[in-house]
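# Topology and contacts: notes
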Amino acid sequence: MTESLHRRPTVAITAFVAGLACALALSAANRVPQDAAPDAAICPVVYRLDESPSPRGYHYAFFGNAFFINEQGYLLTDAHVLETFRDGGQPYLIVRRPNAPPRLLQAAIVASDPQHDVAILRVTPNPFAGNFRVAFLPLATDPAAPGQSVIALSLHPTHLHDAQSLEAPREDRAPGQVLSYESTQLEESAPAAKVFLLSHPVTRGQSGSPVLAADSHAVVGIIEGRWLRSVSAANSPSQAASIPGAATPIEYAIALLQRQAIPWHSPSVSGSAPSPAPPH
């Protein structure tokens, strides 16, 4: 069982929502610098609530994180982060610029795999081709292993109920370890899929954010939610704090990228050409 915020109650893993803002670094050749901070690739997904900005920017609703995977402007996130947009509505990213206020950029939903809870976005115009602070994260070629040290990174607005686009987001950085692999249902009426559990709890606002290998900073998974196999685990605040997080293995996202012929970067070539996608 899992705890759910935005999912139907029959779905096995929880949706934890968050706001969006990109903190990224651009090199002269439009390639990620070798010393770029991993959180530089994170972009939360938002919905603009008003037609014109106030002095603090646009009000927005905060849905979850996404992260860039190549310099063509493609991002990965959870499918459940985009669930609100299934029946219409335009998702946006808040993208930072050097020495200038951030901007809202439109994000198109390229593909979604609800069975494995992964989705692909593409932001326009491509911030890697303009004056934006953007970078991308490499994707791990090997699966996360039990006992492996990992870091979960995410961004959220300072004021969850009064989020405005010109305010800098806050970063959540949670180190921990991979505990085990489990099987669960990520979409109603879908076959079971596997997730891996993390030794640290997942907090509100981390859905869709990357889980990085601590040594290589390559993405090994995408935060899914909190793992509630036992109802008694949430009986007290102290017990709730010990509830492990759950993440979708990055292999499901890579499979979706392959089906769409979208390239990505591996850890060994994160500053060079992306890994080619195989033909359909």
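Our structure is the block above this text.
Residues numbered from 1 in each chain as written. Predicted model: local features only at pLDDT ≥ 70, side-chain atom pairs only at ≥ 80, totals over all residues. Heavy atoms only, no water.

### Some thoughts on the environment of Gly-64
Basically, it comes down to this: Helix and strand definitions here come from DSSP, where helices need a minimum of 4 consecutive H or I residues and strands a minimum of 2 consecutive E residues; each element is numbered from the N-terminal end.
Position of Gly-64 relative to the elements: it lies in strand E2 (residues 60-68). Each C-alpha atom of the pair Gly-64 and Leu-155 lies 8.7 Å from the other, and the pair is 91 residues apart in sequence.

### Some thoughts on the pattern of salt bridges
Working definition: two side chains of opposite charge can pair if their charged atoms are close together. The test is simple: Basic side-chain nitrogens of Lys or Arg form a salt bridge, by our definition, when they fall within 4 Å of a carboxyl oxygen of Asp or Glu. Exposure categories follow from relative accessible area, calculated using a 1.4 Å probe and restricted to protein chains: below 20% of the type maximum is buried, above 50% is exposed, and the middle band is partly exposed.
One pass over the structure, following the stated rule, counts seven salt bridges. For Lys-194, the salt bridge identified is with Glu-251, shortest N-O distance 3.4 Å. Of this pair, Lys-194 sits in strand E9 (residues 193-198) while Glu-251 sits in helix H2 (residues 250-259); the two residues are 57 residues apart in sequence, bridging distant segments of the chain. Given a relative accessible area of 35%, Glu-251 falls into the partly exposed group. Three or more residues joined by partner-sharing salt bridges are found here, namely Arg-56, Asp-162 and Glu-167.

### Brief notes about the packing of aromatic side chains
Quick reminder of the rule: A pair of aromatic rings is counted whenever rings of Phe, Tyr or Trp (Trp by its six-membered ring) have centres within 6.5 Å, and the orientation is called stacked for planes under 30 degrees apart, edge-to-face for over 60 and tilted otherwise.
Counted under the stated rule, the structure contains five aromatic pairs. Ring geometry for Phe-63 versus Phe-85: centroids 5.3 Å apart, planes at 65°, classification edge-to-face. On the criterion of sequence distance, the pair formed by Phe-63 in strand E2 and Phe-85 in the loop between strand E3 (74-77) and strand E4 (91-97) is long-range, its members being 22 residues apart. Residues Phe-63 and Phe-85 agree in their burial class; the two are buried.

### Concerning the nonpolar core
Here is the rule we go by: What makes a nonpolar core is a set of buried Ala, Val, Leu, Ile, Met, Phe, Trp, Tyr and Cys residues whose side-chain atoms join them at distances within 4.5 Å.
Formed by 31 residues in total, the largest nonpolar core has its most connected members in Phe-67, Ile-69, Leu-76, Ile-120, Leu-139, Ile-250 and Leu-257. Of all elements in the fold, only E3, strand E6 (118-124), strand E7 (149-156), E9, strand E11 (219-226) and H2 reach the threshold of two or more residues within this core. Broken down by element, the residue count for this core peaks at six residues, all from H2. Counting 21 residues, the second largest nonpolar core, distinct from the first, contains Val-45, Phe-63, Phe-85 and Leu-121.

### Points about the environment of Gln-115
Selection criterion: The contact definition used throughout considers only heavy atoms, calling two residues in contact when any of these lie within 4.5 Å.
Tracing the backbone through its elements, the reader meets Gln-115 in the loop between strand E5 (100-113) and E6. Residue Gln-115 is classed as partly exposed on the basis of its relative accessible area, which comes to 28%. In this structure the C-alpha to C-alpha distance between Gln-115 and Gln-185, which are 70 residues apart in sequence, comes to 7.8 Å. Once residues lying within four places of it in the same chain are set aside, the contact partners of Gln-115 are Leu-186, Glu-187, Ala-190, Pro-191 and Ala-193.

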